[in-house]
Amino acid sequence: MTSPASQGGQSFTSRIAMWSARHRKAIALGWVLIVVVALGTCSVVPADTDIEMDVPGEAGEALDLYQERFGLEETGEAQEFVVFSHPSLTVDDPAYEETVTGLMADLRALVAEETTVVGGTTVVSDKRIVSGTRTFYGTGLSREEALERDLFVASNETGGDVTFAMVDLEGELEDAVDNIDPVLDAVAEAEAASDGFEIFIGGDASLNKQIMEIVEEDFGRALVLNLPIAFLILFLAFGAVVAASVPLALAFAAVITANGILAIVSQFYPLEMAYQEMVLLMGLATGIDYALFVVTRYRRERRAGRSKEEALQVASGTSGKAVVFAGMTVLLAISGMFVVDNAVFTSLALAAIVVVALAIVMSVTLLPALIAMLGDNIDRLSLPFLGRGTGEGGGVWGFIADQVLARPAIFATVTVVVLLAVAAPYLTLNLGFNGPRSFSDDAEGKKALIALEENFTIGLMQPAVVVVDAGEKENVFAADIQASVAELVELVERESRTPESPDEPYGAVAQEPDFNDAGDTEVIAIPINADSGDPEAIDAVNRLRDELVPAAFEDSPAEALVTGNTAFNIDFKDDIIFRTPFVFAMVLGLAFIILLVMFRSIVIPIKAIILNLLSVGAAYGILVLVFQEGWLLEGILDFEATGIIESWLPLFLFAILFGLSMDYHMFVLSRIKEAYEGGMSNEESVSVGIKATAGVITSAAAIMVAVFSIFAFMRLMGMKQFGLGLGVAVLIDATVIRSILLPASMKLLGDWNWYLPSWLEWIPRVKMAE
């Protein structure tokens, strides 16, 4: 029997694969050594995740000025809020005052050991953990005055009082996170020793630490769940333990090697700390899928009667080639994230590119070597009633394809209308950053946030920050500048909430202004009467920028800039919206080129892009319905809708989804093209291609959906949205697009699918069966 691979010579992909098969022991040993070295590198070389955050707009300008003038590096200072509540005592009661002031004294006395090396000598010294505290008892206000101004004191439902203390921590945020445990312990001990008090603590350091712990726990759980789920699906697909193990082995080899490479890269270009999660996610998704495609084709060719060498040659020359082109599309799509020019996007894109590139290389080198070494042993430890796939008939997907090909116009019209309807909520997309209210209840610090929100304002935690710049080495204490500052504070206080007016945009200014040592810069913290991601917070910061600050500093020689979490949200969103068209243009343009080269048609690339945009658009619509409007899944995914979709998510999802969904599209199209090149009609080619790939794509999509869906059950809102978006898009692409719109559009267009203008005839021919 003559294999297609022998007709007209071998392709480059096939030549590499067959060379790897002939030198299988050397190739396998080489990759084992690479993986071992990478594993050792991960252990010996700690990754540098100290990235330089790129904050756009006025928020970034103000932050840079603040860090420069106050001698800070990247993370800034940290502050904690300690909330006290008693069912009957008021702040005037001596026992209440003793509880608050006693705890503050204990916190100020806390020290941590600091180890430094001076002239080759290790010196251990004590360093203060808390730099200062501020409570009601230091304001000079009476209880009635504080209640009237909604400042530091509020009455609870049972007649007692609620108050809070502000605790400034030494050092920058990173240092504060390292030293926060003694502070948390002291608060817990004070509550236990008190008589009826509830004492909560939450703030920059405590919440940062608790959220990081939650993320680590969730990713650890995801890894534990991903492995058995992926193996089970592979076992059901192949019906053999050995065959199911090969894709997993390749995927984890890619993940380990990528982490080793990136640990070295991070020494020169620091990476976002979530880069390892991105490597795991993309490594499992592409590594398993690419191996699945090739192994499935190899086993099918063996069952068709080909020799082991012929079967491997056909598999690498067809499925292997499709993997290379599909992988290149993923790489090009992800590279669109570089256009965002943001350190987080860039480092995560780099992580994804490295692991996907390794998955591609391993698919044409290590995988053929393993298949050649195993031979028919790849079917060892099998169950005879599993792993036979859907056959050439395609099972249920083949039946659907036949129905679609019989009535393509009706199916295409109905499906497009439904997808557009599902995507329609995207028009109401509200981008932003979910504030502390969206944090998991498992973060203990959230209790303090809720107490602040119920009695004062949650905006105390993340205030707007006005940086007043008198000019380098000028005097910020000058009378005219301080008059402008006083006017700004007065304007804010006119619109600050009180018990009688709880819906005003701002909260009472509780912090004293901060001045740098040079006396040329002042920082004023203005609480916002809303969570940092709420529309009310955005309106309040815009009002500060557009009206209050200009009015107060109109005739002042100083410049005032507004930063803070909400200001960053506003500026980041504006920057993302500005860059989105450029990212779309780059990703779609590069995808068009690679599809044009692979299929020598201008119709197929345009159609593929449109169909993929439909699936991505539908995923966006479902995200809006679930996370913005709160439809259906709040109870299942254990969250409460905030009305906000994370600003980074749509663009990030687009780059990843477009590449991953193109995997299936390209794999089906490559099989259709293979049949078309073999002399079949357009309709016959479509039917054969859809049915022949039905089983493997169903298995590959099931793995991806399972992996991504686990992310949807994580406790961080951004991860929930990310996981659901990925899972839904892949599900739509692997079912609706693959089984309905793709065959329907191919049937309706007929031979026009393969149209190439004469002026593009110079494009080289890439045959799918060489």
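Please refer to the structure higher up on the page.
Residues numbered from 1 in each chain as written. Predicted model: local features only at pLDDT ≥ 70, side-chain atom pairs only at ≥ 80, totals over all residues. Heavy atoms only, no water.

Draft legend 1. Seen up close, the packing of aromatic side chains. In total, this model carries 25 aromatic pairs according to the counting rule given. Seen from their ring centres, F231 and F235 are 6.3 Å apart, and the 10° between their planes marks the pair as stacked. In this pair, F231 and F235 are both assigned in helix α8 (residues 204–238), four residues apart and thus about one turn of the helix distant. Overall, F235 belongs to the buried group, its relative accessible area being 15%. Among the aromatic residues, ring-to-ring pairing joins F219, F345, W648, F652, F711 and F722 into one connected group. (Phe/Tyr/Trp six-rings, centres within 6.5 Å; stacked < 30°, edge-to-face > 60°. Helix = DSSP H or I, 4+ residues; strand = E, 2+ residues; numbered from the N terminus. Buried < 20%, exposed > 50% of the residue type's maximum accessible area, 1.4 Å probe, protein only.)

Draft legend 2. Focus on the pattern of salt bridges. For the coordinates displayed, the defined rule picks out 33 salt bridges. With a closest N to O distance of 2.9 Å, D534 and R437 form a salt bridge. A residue pair is termed long-range when its members are at least 10 positions apart, and D534 in the loop between β11 (521–528) and α19 (535–552) and R437 in the loop between β8 (431–432) and α17 (446–455) qualify at 97 residues. Take D534: its relative accessible area is 11%, and that puts it in the buried class. Note on R437: relative accessible area 32%, which makes it partly exposed. (Salt bridge = Lys/Arg side-chain N within 4 Å of Asp/Glu carboxyl O.)

Draft legend 3. Seen up close, the side chain of S347. When you line up the elements, S347 lands in helix α13 (residues 343–364). Polar contacts involving the side chain of S347 include one to the main-chain amide nitrogen of E272, which spans 3.1 Å. Side-chain polar atoms of S347 contact the backbone oxygen of A343, separated by 2.9 Å. Those residues in contact with S347 that lie beyond four places of it in its chain are Y269, P270, L271 and E272. (Polar contact = N/O pair within 3.5 Å; in protein donor to acceptor, adjacent residues only side chain to side chain. Contact = heavy atoms within 4.5 Å.)

Draft legend 4. Layout of the nonpolar core. Counting residues in each nonpolar core, the largest one holds 189 residues, and the members touching the most others are M282, L488, L544 and F722. Ranked by residues supplied to this core, first place goes to helix α23 (residues 649–677) with 17 residues. L184, A443, A451 and L452 belong to the second-largest nonpolar core, a separate cluster that totals 57 residues. (Core = buried A, V, L, I, M, F, W, Y, C linked by side-chain atoms within 4.5 Å.)

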